[in-house]
Amino acid sequence: MTSRSTSADFVTAFATGWPEHQPDIMVLSLTTQRGVQDFAFNKEQALLIAKTIKETAAKLEKPKTS
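Residues numbered from 1 in each chain as written. Predicted model: local features only at pLDDT ≥ 70, side-chain atom pairs only at ≥ 80, totals over all residues. Heavy atoms only, no water.

**Here's the deal with the overall build of the protein chain**
For the protein chain, the helix and strand inventory stands at 1 helix and 3 strands. Considering only contacts in the protein chain between residues 6 or more positions apart, those separated by 24 or more positions represent 5%. Accessible area of the protein chain: about 6300 Å², with a carbon and sulfur share of 58%. (Helix = DSSP H or I, 4+ residues; strand = E, 2+ residues; numbered from the N terminus. Contact = heavy atoms within 4.5 Å. Areas by Shrake-Rupley, 256 points an atom, 1.4 Å probe, with all protein chains shown as cover.)

Shown next as structure tokens:
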């Protein structure tokens, strides 16, 4: 991962959707302390994001072994 010199805002809420008039993109809205940020993704990007979230969630389910 990229090293960041500043800390990121915490995401307090998010929503996704496929706009009715643009079904070829997914819109992801993130709410932080600084406001709402909207991002548009094409189908390939949306599938990669979904895959990454699924893999991360699976890792979180497994208990850490010492």
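**Some words on helix α1 (residues 43-61)**
Spanning 19 residues, α1 covers 27 Å between terminal C-alpha atoms, matching the ideal 27 Å at 1.5 Å per step. Regarding α1, its N-cap is Asn 42, as a side-chain oxygen of that residue lies 3.1 Å from the backbone nitrogen of Glu 44 further along. (Expected span 1.5 Å × (residues − 1). Polar contact = N/O pair within 3.5 Å; in protein donor to acceptor, adjacent residues only side chain to side chain.)

**Focus: the pairing of strand β2 (residues 25-32)**
Direction of pairing for β2 relative to strand β3 (residues 35-42): antiparallel, over a ladder of 8 bridges. Across the sheet, the residue bridging to Ser 29 is Asp 38, located in β3. Once β2 ends, the chain turns through 2 residues before running back antiparallel as β3. (Pairing = 2+ DSSP bridges.)

**A closer look at the environment of Thr 32**
Looking at the element boundaries, Thr 32 is found in strand β2. Here the alpha-carbon distance between Thr 32 and Phe 10, two residues 22 residues apart in the chain, equals 5.9 Å.

**Some thoughts on the confidence of the model for the protein chain**
For any part of a model where pLDDT is low, the fine detail of the predicted coordinates should not be relied upon. When pLDDT is averaged along the protein chain, the result is 78; 79% of the residues meet or exceed 70. The lowest-confidence element of the protein chain is strand β1 (residues 13-17), averaging 68 in pLDDT; the highest-confidence one is α1, averaging 89. (pLDDT = per-residue confidence, 0-100.)

**Details of the environment of Leu 47**
Inspection of the secondary structure puts Leu 47 in helix α1. For Leu 47, a relative accessible area of 53% translates into the label exposed. Taking the C-alpha atoms as reference, Leu 47 lies 9.9 Å from Met 26; in sequence the two are 21 residues apart. (Buried < 20%, exposed > 50% of the residue type's maximum accessible area, 1.4 Å probe, protein only.)

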